[in-house]
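What follows is each chain in one-letter form.
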Amino acid sequence: MTPFRADLHCHTTCSDGSLTPIEIVKLAAEIGLKGLSITDHDTIAAYETATPAAKEAGIDLIPGVEFSASYRGNNVHILAYCFSLSNEHILAFCKRHQARREQRNHEILELLQHNEMPVSEEELLAGLDTPTSTPHKTIGRPHIAQAMVRHGYVTSVQDAFSRYLKEGKSCYAPGEPFSVEETINVIHRAKGTAIIAHPHLIDRRSTVRHLLQMNFDGLEAYYARLPKEREAEWVKTAQEKGWLLTGGSDFHGSVKPNIPLGCSWVNEETFRKLQSRMAKSGD
Ligand code: AMP
Ligand code: FE
Ligand code: FE
Ligand code: ZN
């Protein structure tokens, strides 16, 4: 029998992934995953179609989302799980993120214009590689990078990031920052579980140290293709704190072709623990 595996971190066309929610659920079933959480950036729109698809495919789905936050100018990603999909705090927070992103995308397009690489707001909306019919879709730097490739300003999405869109580069705009503390509070008000996403990717060690003192419920120790010995450091840290340990691939489909769905996962014990928190969140 295939062992129980659940991937708790992946992205769909509702944010910057290349597969639709239904396609990702089908793929999860095909590769033998038993559990899944879809964690699009700042939106839970995927669940509208993923929930019935998961039921049909026999996949256990846990509500999730990946919120962008900022700590002293450092980008921090926070995973939220186990909230109710109709929770007003989560829905309102996602809405505020969409407004933040609209403003920020506008700022980035202005910077591109100044650098003689015009991309119009219309084409950003119309020319997405992914279906535009998706409601509440999160548009971010990866979509801007794709438009830059189409115009021939850069050779690849990676090239767009490293030359122009990365933090500190000429066309980077941070947007209105949402604090880590506020994000944790929203998640907890929604009776959700707040997890530090991919802590090894956080730029400054001091930021990580400060985050570890905050009111998180866990951290993401199993991540994409992170080597086992690096994983072990985070497992130890979480265990010392009595925190939950989560994990997932951070699958984005063809956007990150070297990272397949299910390349990192959690076992049945962890998944059931999260499911029991779900029961307590009133969904
Ligand atoms: P945003 O949420 O708009 O700030 O965009 C962040 C997203 O862009 C991340 O979740 C990644 O999917 C992607 N990303 C970040 N850095 C890079 C990079 N250097 N190259 C390619 N994609 C990146
Ligand atoms: Fe992403
Ligand atoms: Fe992330
Ligand atoms: Zn992610």
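For the structure itself, look to the data block above.
Residues numbered from 1 in each chain as written. Chains lettered and ligands numbered in written order. Predicted model: local features only at pLDDT ≥ 70, side-chain atom pairs only at ≥ 80, totals over all residues. Heavy atoms only, no water.

A sheet is described by the order of its strands in space; here three strands give the open sequence S1-S2-S3, paired in parallel fashion. Looking along the sheet, the strands with just one partner apiece sit at the ends: strand S1 (6-7) and strand S3 (60-61). Of the strand pairs in this sheet, strand S2 (residues 35-36) and S3 are connected by two bridges, and their pairing is parallel. Bridge assignment links Gly-35 to a residue of S3, and that residue is Asp-60. (Pairing = 2+ DSSP bridges. Helix = DSSP H or I, 4+ residues; strand = E, 2+ residues; numbered from the N terminus.)

Its place among the elements puts Thr-183 in helix H7 (residues 180-189). Beyond its immediate sequence surroundings of up to four residues, Thr-183 is in contact with Phe-67, Ala-69, Ile-78 and Phe-93. (Contact = heavy atoms within 4.5 Å.)

For helix H8 (residues 205-212), the full list of buried residues reads Thr-207, Val-208, Leu-211 and Leu-212. For H8, the buried positions fall inside an angular range of 135 degrees around the axis, keeping them on one side. Of the surrounding secondary structure, the elements contacted by the buried residues of H8 are strand S4 (64-71), strand S5 (74-81), H7, strand S6 (193-196), strand S7 (218-223) and helix H9 (228-241). (Buried < 20%, exposed > 50% of the residue type's maximum accessible area, 1.4 Å probe, protein only. Arc of directions from axis to C-beta.)

What follows concerns the site of ligand 1. All residues in the neighbourhood of ligand 1 are listed as Asp-16, His-41, His-77, Arg-101, Arg-104, Gly-140, Arg-141, Pro-142, Gln-158, Phe-161 and His-252. At 3.0 Å from an oxygen atom of ligand 1 is found a side-chain nitrogen or oxygen belonging to Arg-104. Contact between ligand 1 and Gln-158: a nitrogen atom at 2.9 Å from a side-chain N or O atom of the residue. For ligand 1, whose unbound accessible area comes to 500 Å², protein coverage reaches 78%. Looking at the shell around ligand 1, the elements with two or more residues in it are helix H3 (88-114), helix H5 (141-151) and helix H6 (157-165). (Near = heavy atom within 4 Å. Polar contact = N/O pair within 3.5 Å; in protein donor to acceptor, adjacent residues only side chain to side chain. Areas by Shrake-Rupley, 256 points an atom, 1.4 Å probe, with all protein chains shown as cover.)

Here we take up the coordination of the iron ion (ligand 3). On the protein side, the iron ion (ligand 3) has Glu-66 (OE), His-77 (ND1) and His-198 (NE2) as donor atoms, found 2.0 to 2.2 Å from it. Written as a sequence motif, the donor residues of the iron ion (ligand 3) are E-x10-H-x120-H. Here the iron ion (ligand 3) and the iron ion (ligand 2) are spaced 5.7 Å apart. Residue Glu-66 is located in strand S4, and its partner His-77 is located in strand S5; the two are separated by eleven residues in the primary sequence. (Donors = N, O, S within 2.8 Å, 3.2 Å for Na, K, Ca; no water.)

As a further point, take the environment of Glu-181. Tracing the backbone through its elements, the reader meets Glu-181 in helix H7. Assessed through its relative accessible area of 40%, Glu-181 is described here as partly exposed. Sequence-wise, Glu-181 and Met-214 are 33 residues apart; in three dimensions their C-alpha atoms are separated by 7.9 Å. The residues contacting Glu-181, other than those within four sequence positions of it, are Tyr-71 and Met-214.

Below, the discussion takes up the sheet that holds strand S8 (residues 244-248). Pairing within the open sheet is mixed, and its five strands lie in the order S4-S5-S6-S7-S8. One side of each edge strand has no neighbouring strand; the edge strands of this open sheet are S4 and S8. Direction aside, neighbouring strands of the sheet carry axes that sit 40 degrees apart on average. Here H7 sits on the sheet and contacts S4, S5 and S6; the angle it forms with S4, its principal contact strand, is near 155 degrees. (Axes fitted to C-alpha atoms, helices over the stretch in contact; angles between N-to-C directions.)

What the rule picks out here adds up to four aromatic pairs. Judged by centre distance (5.4 Å) and plane angle (50 degrees), the rings of Phe-4 and Phe-271 are tilted. Of this pair, Phe-4 sits in the segment before S1 while Phe-271 is found in helix H10 (residues 268-280), placing the two residues 267 residues apart along the sequence. With a relative accessible area of 0%, Phe-271 lands in the buried category. With a centroid separation of 5.4 Å and an interplanar angle of 45 degrees, the aromatic rings of Phe-93 and Phe-178 are classed as tilted. Pair noted here: Phe-93 is in helix H3 and Phe-178 is in the loop between H6 and H7, with a separation of 85 residues, a long-range link. (Phe/Tyr/Trp six-rings, centres within 6.5 Å; stacked < 30°, edge-to-face > 60°.)

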